[in-house]
Each structure stands twice: as structure tokens, then as C-alpha cells.
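# Structural overview for review
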Number of protein chains: 2
Amino acid sequence: MAANSNLKSKTDSIELLVTELVTEFPELKIAPPSVDTSEYSYDTGTTPKIKSQTSGPAVVWPTSVPQVQEIIRAAARYDVKIIPRGEGSGLSGGAAATSDQLVLSTQLLNSIVEINVDDELAVVEAGVINSELNERVQPHGLFYAPDPASWTISSIGGNVATNAGGLRCVKYGVTRESVLSLDLVLADGELITVGQRTLKGVTGLDLRSLVIGSEGILGIVVRATVRLRPIPAARKTVSVWFPDTLSGAAGLSAISRTPVRPSIIEFIDGPTLSNIDAASGTQLRERGGSLILIELDGYGLNEQFRDLSDALSKAGGSVVEETAIAGEALWELRRSGRGGPDPRKWSLSSDIAVPRSKFKEIYAYFPTLEQKYRVEVSALGHAGDGNLHPLITKEIPVGADPSIPDPALTAANLDLIKFALSLGGTVTAEHGLGSAKRHLAELELSSRSLEIQRAIKLAFDPLSRLNPGKAI
Amino acid sequence: MAANSNLKSKTDSIELLVTELVTEFPELKIAPPSVDTSEYSYDTGTTPKIKSQTSGPAVVWPTSVPQVQEIIRAAARYDVKIIPRGEGSGLSGGAAATSDQLVLSTQLLNSIVEINVDDELAVVEAGVINSELNERVQPHGLFYAPDPASWTISSIGGNVATNAGGLRCVKYGVTRESVLSLDLVLADGELITVGQRTLKGVTGLDLRSLVIGSEGILGIVVRATVRLRPIPAARKTVSVWFPDTLSGAAGLSAISRTPVRPSIIEFIDGPTLSNIDAASGTQLRERGGSLILIELDGYGLNEQFRDLSDALSKAGGSVVEETAIAGEALWELRRSGRGGPDPRKWSLSSDIAVPRSKFKEIYAYFPTLEQKYRVEVSALGHAGDGNLHPLITKEIPVGADPSIPDPALTAANLDLIKFALSLGGTVTAEHGLGSAKRHLAELELSSRSLEIQRAIKLAFDPLSRLNPGKAI
């Protein structure tokens, strides 16, 4: 009864808030809670296979920073929780919302405010799409380095919220290494700047790094000053084929014994190559049992290739210098994932990292998992970072409900995460905890560390108004 | 009277604490407060010209992490404040201490615990000297990138506390970009780990980045897992000479119009060249009125040199490819500073950064400062980062007390900092706020930002036991 009246009052609150916003800001795009907004209850990683028939949250699309501030202040008056959302391409439920909450979408905060070629920086609003920024700076000979696989559909604000990685971060760093400063609207509507426009700065505590990857629980990122880099003098794709998955995983360490720093080092195991072939009509699996896919960039590509090729050949790899067109095709196959979901299977994708030297051990553990949980496990990964994305699948038996996955998938994933931790690894490498992995944080972080993190959350947002139930 | 009894009780507390530590840990190296420890009242940047005759703080040199924890717990019982100290080479008074405080020196926490070549990382205790780590990893073909000018005398723990920069950070990032994880003893003696051994990780808030650069106010860094990098395939020194300071400062922007990413880009103005000549017997000033000193590294050095040389020649520079020996000599001159202090002058050195494109504007402001405050201003800087170290000097008039600098120096420095801020710059780029620049934080940070930073400090150290009066 108490819970019901609480729910009732929360429903009232969101309705009153929406009414006030509609009245106060007649031009504001806003959607009340309804079945029509149910897609805003999830992000890409948590969307159910069957479209939800329950009500989604209220959603508002501010077009300016002062509007964001006003919305936050109004929500505070009605005690409505705010869920910041970029493009919803997250994979851990960081933007998931309930019908009594207000989703604040940054989609219409999408101006590129400034491009400064001499300072190699851009000032962008949070809703700017990663690849759009890249298209805009490319004529100036510059690029924005963080390139999550979602780069054509994900926003800079979302990338900042998750400290997004990507393929090229093995050389250029993750999102944190490309953000100079952030404008942040706090839970009470105040706007602060963290970080600075300069490349260096140590005035006070590093709030900028703290906000990056904080999944919207500390404030709403509305604007970012990001670092750009010169487009390299040249790029070259190299494919290295191994007889099987384990020999490829072992071969990776040969790269770090050279002074070559590739801009991308991806690893694709045998089963994933087969999946890509099945989906794309390619014949990758015929070329080898696993693939290290490398991009070299910068100066002296021939010398870089020579040193790398020597090392990888000695490690048992068959090294191929790809043409520009063939290389582009391979990157397209890699970026588009692992061949798409198989409707006959339940699947669960994960995001772990281990120290690079343990990469082979992780792959060697897959057969154990497969036997123990009667699942199939494959993985592709940002091998240069020790980051891999395992895919755990199981055939859906005849008559089973496709929307209720076998618990073996979750159990196998938990087992794998614990094994990664035992190797010095991490629960999540680049996707974030969100709502989906939040309960796993304590596997990696001590209770004291979590206690400090929660105290920091309260230093920013004492009433827990922003993105409750996410991250820590 | 109240203040006196308070002082008395503080003196009693430190004496009781020292007695307890001596009794409990007979093998512990410890010095009670006395004139003998007066050098521990200061760091390199705040040491007075005339040796202090007042009592310094108590100093303790633990040799293990559990000892650090026991010392912190004992100090808490006597309510004695702890001042963490590396090698005392800081320039902002971050390690300054008073006679009622306990300096916790990390000098004997100096083990290199692990070097892992495959993972390109090392685990070191806080007291390990930066250059010693480099000597130890060099035979493995690796180097530790952060290279503050103090690298032969500063400790990794101190580098972490200040997020130290250096020459090569223009390419390899500052200390933050080379630290994977830290072991931190908190104000109540508990030990936590922040960060992870992997290159990527987003489990929870980024406490690791928050601790880096926090100047010992959040906890005592006792151990660090640091990232190593392969020694580049080759290195080459290039000197670029300009007719005068302003043409050189303007010429810098030519570099960022090329795809070349030098590993070092230093700028030395005319007056500094003359100072170096006077101190070292060199004839640099005859070669030009200002110098951009560049290190190229990696592959394709000839192509890198060609592109860079084209761009800088067009910008009016006279470009010289130095021999290995001549190059090393130039770096040695640069690293050893600006020719040493002149005993006939008061001097004040600063540490500001501006967006790179504003580098010329900063130098163009020096004559205004010189006229306004009747001082001399010169600067050398990590130009690639927009970071410069101005030196403000004034001749000591006959009969004046050399230990009491003319207030014009401080006034000129404050003026310069405000000008840098007006260009989008920062109060301190790599030296930190410490005790010397703490009062300047509010020039750059909003009161709300400072409020959050202080709340974070209390989340770590609720009773303000660690390094009080520093940073924020």
C-alpha cells in the first residue's frame, strides 16, 4: 500500500513536471511518459528482443544549455530523477529509465561551436555525433581520435559519460586522453567547467577526469572541448593469419617486442571469423584460424612494416600487406561487429580486459566455460589494450521462450569475469557498469573504495537526482 | 594565550608521537623536530636563501607499506598532521612542513618491485627515482616517458603527487597518462588500490586520475604501477633559430600544421639563451635570437625532418639537423635550466600554460610587464604544450636585504598569471599549487568547483590530517 501510494505520487510528480515544462517552454520538444517512449527505457545493450508494451519515461530535448539548467531546476522542484541520454547506443544500460523519470536527451544540443586549427581543438555540444565531428575537422587535416565501434551513431557526450574506447585508443588513448574540458550542469542546475583549454594544467583536483566515465551520475555534460590530432602522414593495413585461435592470441606479444606502435591492433578468433563469413559472404576463415588485424600510421611505414612483419612471422603468423581497398573492407567487417545476432540463439556480449600478456590465457579458458555451462564462447577484441568482447551464445531449444535467456549465459559470463579478475583484469574495460553490471563493481573494487566513490557522488549530487541506480 | 596553549599542546603531541614511534619501532629511522630538520620545512621552490634557524618538523622514513600504515594510525591518535614528502624537489611548497607536523618521507620506500616486459609496465614503490627506473628498464628496450627536468632527483611518488610533466609529455602525455594504478594509504591508515593493471578500465569513478596531481591531500601514494613504452626506433635533434623572441614564438604554430609529432618541442627566448651562454661558456645567442629545440623520434626520421624543416623554414626559421653529440649537448643545456640563479638579482620563477596559439601573445606581453614593474622577464617553455616557465628578476639595490625580495616580482607574476588566464590559460601547468600558489586557485576555479573539491578532500580525509594548507 505504501509502495503503491509512493508510485502514485511519483507518477503525479512526473505529470506535473511535464505540464509545467510544456507551459513554461512552449517551444520545447517533450514527450510525456507513454508506450510511445518505451524505447527510452533501454539502451542498445539492454533493449529486450520483444518490444515493451509498458510505459516509457518522459523525454525532453533541450536545445540550449540554459534550457538544460531550467529543466534540471524544475525537475528538482518535483523531485523527479533525471536520466541523461545521448544516442542510447550504450551497452550497459547507463541510460535506462523508468516511467516516473525524466530522460534528458542531448540530441538537439548538437552544435559544433568552434574548430581551432592552431590549437588542434574543437568545442562541441554533447549531442554531436562522433563521426560528424570527424567529417567536419577532416578538411583541416585533423581527426578526433576516440573511435568506438559505434562512432557513426554515438554522441560525444555519451562517449564522455562512458570514457569510450575504440580501435585507435591503443595508440591515441581513450576518450579521457582527448578531452580538455567539460561544461557540466550540476544536479541543482548550476553550470561549472572542469578542466581547461590548455593541454596541461594542475590547478586543483582533476575533476575533468573524474567526470569522464562517470556515466551521468555527477552532472550532465553539455559541452566538451576536445583535442584533435593531425591526420597521420600515411596509413597501412596489415593482416596476420594464424592456424588457430590460441596461436594467434600467443602471437600478439611479438608486437610489443618491437618499437612499432600500431594505431590499431585487433584480434578476431576462429569462431568469429566464421560468423562474419556467414553474415557477409566473405571467406576469411579460409585464410586462417584467427586474425590479428593491424593498422600502421605515421612516417616510415615500410620500416614499420618490416620490423612488425619480422616479429610476427617468427611468432608463426602469415603476414599480409593489404591494399588500401582490401584493408578498408577488412576494417568495415571488423567495425560492423561479429556478423550480427543469430535469431536461433540466446546471446550475451561482455567487455573485459586483462593485462596484455594474459590474452592467451583468457582464450584458453573458453573451452572450460563451454563445457561447464554448455554454451559457446568466442571473442574479438582490442588486443593491443588487452580488451576483449566475449560473446556467449546458446541455441534456443524448440519450445523455449526466446525472450527468457538460459541462466547459463549469465553464469558463464560471471565465471569469465571472475577469471579475468584473477589474471589482474577488470570487470568492464570500455562499456561501463550502467545498470547491467552495477552489481559486479564490488568484485573489483574494495568496499572502502566504493564508499569513497559514493561520498564523491554525494559531493556533486547530494540528493541523488542524477541517473540513480547506475554505475556505483 | 589560547593560541600559545594550542601551540604548546601541538608541540607536546609531536613529541609524544615521536617517543611512541621510537619505542614501538626501534629500527625505524626518525628525526625529532629540531634545527637539524629545518630543510624539511621547505621544498626546492620555497627554500629561503638564508638557512633557517628555526626548528623543522619531525621526519620519519618508513621502509614498508605496513610501517606507513602504523605511522599514520599513531599520528591520528595524537592528532598530528602528516606531510608526505618524496625528494623535496617540488617547486610550489607542496611538501612544506611546520615543527608540529610529521613529515613522512618515502625515500626508503625505494624498491622496484616488478618489471613486466610483455605488459610494458613496472611496479615501483613511491620513493624510486624517476631516472633510476629508466636505467633499470632501458636494457629491456623500454622507457618511462614522464621526464620532468628534475628527473634525476625526483621520485615517482612526487611525480604522481604533482602530475609532473616534462619535455616529452608533448608526445607521451603527463604522469597521468603513464600511471595504471596506485596503492594509497588513507588518513586512517587503510590501504586501497585505485586504477587497475590493465590499460583500459571503467569500473567505477576514476579515483586514480583524481589522486594523480592531488599533492598528497587525499592519501599517501606508496606504490605505483606505471606504464612503460618501447624505446623509439631512432631519435634526432633539430634546432631552429629565429632572429628574435617573437618571431620564434610565432613560428611554433608551423609545427602543428604538419603531421609530424615531435617528442619534444622546447622554446628558449633570447634573454635565456644569453643567460645560458654566460653560465656555460656557450655561444648560443650568436646562432639566433630565439631557439625552438626539437626532438623527433620513431620511424621515418628523414621524412619527418623534411616536412618539419619545410614548414619551419617557411615560417622564417633557420633549421639545423644536429649531430647526436651536438644534440645531446643542447638537451643537457636545456635540462640544466637557464644558467643558474644570479646572486645579484632577486628572482621568481613561474609555471603557466596558454593555448598553444597564444604563445606569442604571452611573450609579447613581457615588455609591458617589464615597464610596469621595473623587472626583467624571460621564459623558456615546453612550447608544444603551451607551457612556459617565466623568470622574473630584478637587480638587488646596494644596501637592500637579499632575503626580502622586492614586492614588484610577486605583483608582476600575478599580473602575468591573470593575463594568461585571460587568454584561456592556467595558473599552474605542471608544478602544482602547493602552499605557494594555493591562494591563486580561485583565480581559475569557480567557488562551486572549489566547494566540490573540498568535499572530495573530506570524502578521503574527513579530519584533514594529510598535508593541510596545500593545493585547494
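Since this is a predicted model, take the numbers as computed values, not measurements.

## A look at the domain arrangement of chain A
All names here are of chain A.
- Under the domain assignment used here, chain A contains domain 1 (2–108), domain 2 (112–230), domain 3 (235–335) and domain 4 (345–431).
- Just the C-alpha atoms count here: the centres of domain 3 and domain 4 sit 22 Å apart.
- Contact residues are listed per partner, giving 14 residues for domain 3 and 13 residues for domain 4.
- The junction of domain 3 with domain 4 conceals about 1,200 Å² of combined surface from both sides, 64% of it contributed by carbon and sulfur atoms.
- On the domain 3 side of the interface with domain 4, the three residues burying the most area are Leu246, Phe267 and Arg334, jointly 34% of the side's total.
- Inspection of the domain 3/domain 4 interface yields five residue pairs in polar contact (both at pLDDT 80 or more).

## Quick word on the nonpolar core
- In this structure, Phe460 of chain A together with Phe460 of chain B are the most contacted members of the largest nonpolar core, which totals 169 residues.
- In this structure, Phe460 of chain A is in contact with Leu184, Leu186, Ala187, Leu207, Leu210, Val211 and Leu218 of chain A together with Ile452 and Ile456 of chain B, ignoring residues within four places of it in sequence.

## Focus: the sheet that holds strand β5 (residues 112–116) of chain A
Residue and element names in this part refer to chain A.
- Strand order in the open sheet made by the five strands is β5-β6-β10-β8-β9, with antiparallel pairing throughout. Each edge of the open sheet carries a strand with a single partner, namely β5 and β9 (191–195). Averaged over all neighbouring strand pairs, the angle between strand axes comes to 15°, with direction disregarded.
- The pairing of strand β6 (residues 121–125) with strand β10 (residues 220–227) spans five bridges and is antiparallel. Bridging across to β10, Glu125 finds its partner in Arg223.
- Strand contacts of helix α3 (residues 130–137): β5, β6 and β10, with the helix running at about 40° to β5, the strand carrying the most contacts.

## Thoughts on the packing of aromatic side chains
Residue and element names in this part refer to chain A.
- Under the defined criterion, the tally for this structure stands at 14 aromatic pairs over all chains.
- Here the aromatic rings of Phe143 and Tyr172 are separated by 5.4 Å at their centres, their planes lie at 85°, and the arrangement is edge-to-face. Of the two residues, Phe143 sits in strand β7 (residues 142–143) while Tyr172 sits in helix α5 (residues 169–172), which places them 29 residues apart along the sequence. Both residues of the pair, Phe143 and Tyr172, belong to the buried class.
- A network of ring pairs unites the aromatic residues Phe267, Phe359, Tyr363 and Phe366 as a single cluster.
- The positively charged end of Lys29 is found above the aromatic ring belonging to Trp61, 4.2 Å away from the centroid.
- Over the ring of Phe143 we find Arg235; its NZ or CZ atom is 5.3 Å from the centre of that ring.

## With respect to helix α16 (residues 447–460) of chain B
- For α16 of chain B, with 14 residues, the first-to-last C-alpha span of 20 Å sits near the 20 Å given by 1.5 Å per residue.
- Among all positions in α16 of chain B, only Arg448, Ser449, Leu450, Ile452, Gln453, Ile456, Lys457 and Phe460 of chain B are buried.
- Those residues of α16 of chain B hidden inside the fold are in contact with β9, α6 (207–211) and α16 (447–460) of chain A together with β8 (179–185), α6 (207–211) and α15 (441–444) of chain B.

## Side note on the sheet that holds strand β6 (residues 121–125) of chain B
All names here are of chain B.
- If you walk across this open sheet you meet the five strands as β5-β6-β10-β8-β9, and the pairing is antiparallel. The two strands at the open ends of the sheet, each matched to only one other strand, are β5 (112–116) and β9 (191–195). Sheet twist, expressed as the average angle between the axes of neighbouring strands with direction ignored, equals 15°.
- Relative to β6, β5 is paired through four bridges, and the arrangement is antiparallel. Opposite Asn116, over in β6, you have Leu121 as the bridge partner.

Conventions adopted
- Residues numbered from 1 in each chain as written.
- Chains lettered and ligands numbered in written order.
- Predicted model: local features only at pLDDT ≥ 70, side-chain atom pairs only at ≥ 80, totals over all residues.
- Heavy atoms only, no water.
- Domains from an automatic or database assignment.
- Contact = heavy atoms within 4.5 Å.
- Buried area = accessible area lost by both parts, 1.4 Å probe.
- Polar contact = N/O pair within 3.5 Å; in protein donor to acceptor, adjacent residues only side chain to side chain.
- Core = buried A, V, L, I, M, F, W, Y, C linked by side-chain atoms within 4.5 Å.
- Buried < 20%, exposed > 50% of the residue type's maximum accessible area, 1.4 Å probe, protein only.
- Pairing = 2+ DSSP bridges.
- Helix = DSSP H or I, 4+ residues; strand = E, 2+ residues; numbered from the N terminus.
- Axes fitted to C-alpha atoms, helices over the stretch in contact; angles between N-to-C directions.
- Phe/Tyr/Trp six-rings, centres within 6.5 Å; stacked < 30°, edge-to-face > 60°.
- Lys NZ or Arg CZ within 6 Å of the ring centre and 35° of its normal.
- Expected span 1.5 Å × (residues − 1).

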